[in-house]
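Each chain, written out:
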Amino acid sequence: MEIIAIANQKGGVGKTTTAVNLTASLADKRKRVLLIDLDPQGNATTGTGLSKNNLELTIADVLLDGVSLQEAIIKSPAGFDVIAANRELAGMDITLMGETNSHELLKSAVSELIAEQGDKQSPPYDYIIMDCAPSLNLLTINALVATDSVIIPMQCEYYALEGLADLSQTIERLTELNPKLHIRGVVRTLFDTRNTLAKDVSKELEAHFGDIMYKTHIPRNIRLAEAPAHGLPVLAYERWSKGARAYQKLAAEVIKQSSSS
Ligand SMILES: Nc1ncnc2c1ncn2[C@@H]1O[C@H](COP(=O)(O)OP(=O)(O)OP(=O)(O)O)[C@@H](O)[C@H]1O
Ligand SMILES: [Mg+2]
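Residues numbered from 1 in each chain as written. Chains lettered and ligands numbered in written order. Predicted model: local features only at pLDDT ≥ 70, side-chain atom pairs only at ≥ 80, totals over all residues. Heavy atoms only, no water.

## Points about the overall build of the chain
Scanning the chain from terminus to terminus reveals twelve helices and eight strands. The C-alpha radius of gyration of the chain comes to 17 Å, within 12% of the 18 Å expected for a compact globule of 261 residues. Considering only C-alpha atoms, the chain reaches an extent of 50 × 40 × 35 Å along its principal axes. Here the chain holds 261 residues, and 52% of them are scored as buried. At a minimum sequence separation of 6, the contacts of the chain that also span at least 24 residues come to 77%. When the accessible surface of the chain is totalled, it reaches about 12300 Å², and 49% of it is carbon and sulfur. Charge centroids of the chain, computed over 26 positive and 32 negative side chains, lie 11 Å from each other. (Helix = DSSP H or I, 4+ residues; strand = E, 2+ residues; numbered from the N terminus. Rg over C-alpha atoms; globule rule 2.2 N^0.38 Å. Buried < 20%, exposed > 50% of the residue type's maximum accessible area, 1.4 Å probe, protein only. Contact = heavy atoms within 4.5 Å. Areas by Shrake-Rupley, 256 points an atom, 1.4 Å probe, with all protein chains shown as cover. Lys, Arg positive; Asp, Glu negative; His and termini not counted. Charge placed at Lys NZ, Arg CZ, Asp CG, Glu CD.)

## Concerning the environment of isoleucine 83
In this fold, isoleucine 83 is placed in strand β4 (residues 81-83). For the pair formed by isoleucine 83 and threonine 45, sequence separation is 38 residues and the distance between their alpha carbons is 7.9 Å. In this view, isoleucine 83 contacts Leu34, Leu35, Ile36, Asp37, Ile59, Leu69, Ala72 and Ile73; residues no more than four positions away in its chain are not counted.

## So, the packing of helix α7 (residues 138-146) against helix α8 (residues 164-174)
Where α7 meets α8, the axes come as close as 10 Å, and the angle between the chain directions of the two elements is 50°. Taken together, the axis directions place α7 and α8 in an arrangement best described as oblique. In terms of crossing hand, the pair formed by α7 and α8 is right-handed. For the pair α7 and α8, the contacting residues are Ile141, Leu144 and Val145 in the first and Thr170, Ile171 and Leu174 in the second. Considering only residue class, the contact of α7 with α8 consists of five nonpolar, one polar and no charged. (Axes fitted to C-alpha atoms, helices over the stretch in contact; angles between N-to-C directions. Parallel < 35°, antiparallel > 145°, perpendicular 65-115°, else oblique. Left-handed = near helix turned anticlockwise from the far one by under 90°. Nonpolar A, V, L, I, M, F, W, Y, C, P; charged D, E, K, R; others polar.)

## What to know about the site of ligand 1
What surrounds ligand 1 is a group of 18 residues, the closest being Lys15, Thr16, Thr17, Pro219 and Asn221. In this structure, glycine 14 approaches ligand 1 through a main-chain N or O atom, which is 3.0 Å from an oxygen atom. The separation between a nitrogen atom of ligand 1 and a polar main-chain atom of proline 219 is 2.8 Å. Out of a free accessible area of 620 Å², ligand 1 has 79% covered by protein chains. Going through the elements one at a time, α1 (15-28), β8 (213-219) and α10 (222-226) are the ones with two or more residues in the shell around ligand 1. Across the shell around ligand 1, the residue classes break down as seven nonpolar, seven polar and four charged. (Near = heavy atom within 4 Å. Polar contact = N/O pair within 3.5 Å; in protein donor to acceptor, adjacent residues only side chain to side chain.)

## As for the pairing of strand β5 (residues 127-132)
Along β5, six of the six residues are buried, which leaves the element largely enclosed by surrounding structure. Residue alternation in β5 divides its side chains into two sets, Tyr127, Ile129 and Asp131 and Ile128, Met130 and Cys132, and both sets are buried. In the sheet, strand β1 (residues 2-6) pairs with β5 via five bridges, with the strands oriented parallel. By the bridge assignment, isoleucine 4 is partnered in β5 with isoleucine 129. Across six bridges, strand β2 (residues 33-38) lies against β5 in parallel orientation. From the neighbouring strand, leucine 38 faces β5, where its bridge partner is cysteine 132. (Pairing = 2+ DSSP bridges.)

## A closer look at the side chain of threonine 58
Mapped onto the fold, threonine 58 is located in the loop between α2 (43-47) and α3 (59-65). Overall, the relative accessible area of 1% leaves threonine 58 in the buried class. Each residue touching threonine 58, except ones within four places of it in the same chain, is listed here: Ala72, Ala84, Ala85, Asn86 and Glu88.

## Details of the nonpolar core
Among the nonpolar cores identified, the biggest contains 51 residues, and Ile36, Leu38, Ile59, Leu69 and Met130 are the most heavily contacted of them. By residue number, the principal contributor to this core is α7, which donates seven residues. If we ignore the near neighbours within four places in the chain, the residues touching leucine 38 are Ile59, Leu63, Leu89, Leu106, Met130, Asp131, Cys132, Ala133, Leu139 and Ala143. Counting 32 residues, the second-largest nonpolar core is a separate cluster that includes Leu22, Leu35, Leu55 and Tyr247. (Core = buried A, V, L, I, M, F, W, Y, C linked by side-chain atoms within 4.5 Å.)

## Remarks on the sheet that holds strand β3 (residues 74-75)
Spatially, the eight strands line up as an open sheet ordered β3-β4-β2-β5-β1-β6-β7-β8, and their pairing is mixed. This sheet does not close on itself; its edge strands, each paired only once, are β3 and β8. Here two bridges tie β3 to β4, and the two strands are oriented antiparallel to one another. Residue pairing for β4: lysine 75 is matched across the bridge by aspartate 81. Packed on one face of the sheet, helix α12 (residues 242-260) meets β1, β5, β6 (149-155), β7 (182-191) and β8 and runs near 165° to β8.

Everything listed here is a matter of coordinates, which is why it stays silent on function.
Below you can see the structure in the form of structure tokens.
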């Protein structure tokens, strides 16, 4: 089993779109996947067809009240397992201020899930995908401590590299607590091939990140923006759209990484 956090503290770069559609594409390739929403905005929750306002158990219950992940798993209308989030998660930093191990709560919950459900012979999932909030707050730190690797969605625009130093530095620092932690890949999102600036920034990213850039570019595609309004991953909404095909290619790259490591 591999755990992947989708993170970038910059807002609106396609983290949630990537988390939901990568999960759906992996599930479509017969992988067992759990999607964990770690953002009080709950966009991944609504994007998989769940209603934010009548959830029995959310990730907040797991992190703040010691409910097990196993209990909080919801079979989403999208067809795969989800741990949902909503506004109850906001203010977690303050609630947990001063508590020891507050950065390891998710890691403990995941270990418990593996022990409980895995029954030693086989882990319960092939992948756990975590959708992070646009911040380097305690929730994101919990994700980075619990995960094996990080996928960073980046929009190819002028300010793309700004703030990335903070994320890289945070990842670097957290390797002390989580020696496995590394950047698995950077994925170009909301990509417009006709835009010269995007092409220039894309080249700059390749120079900066080299091998860890995914070959797949996620194009700006209206179907990707429409699908969440229907509570569906794009694969279920418009299977043959450019956006759906791009996320299928990205999933294939992710699976290939798994088999070659
Ligand atoms: N490739 C794409 N083509 C068209 N629209 C997209 C694409 N990717 C994302 N969007 C749209 O752009 C907006 C921001 O995307 P998304 O919510 O995935 O970003 P985010 O990084 O998760 O944002 P936040 O930082 O608020 O969590 C959304 O309205 C989404 O539907
Ligand atoms: Mg988001």
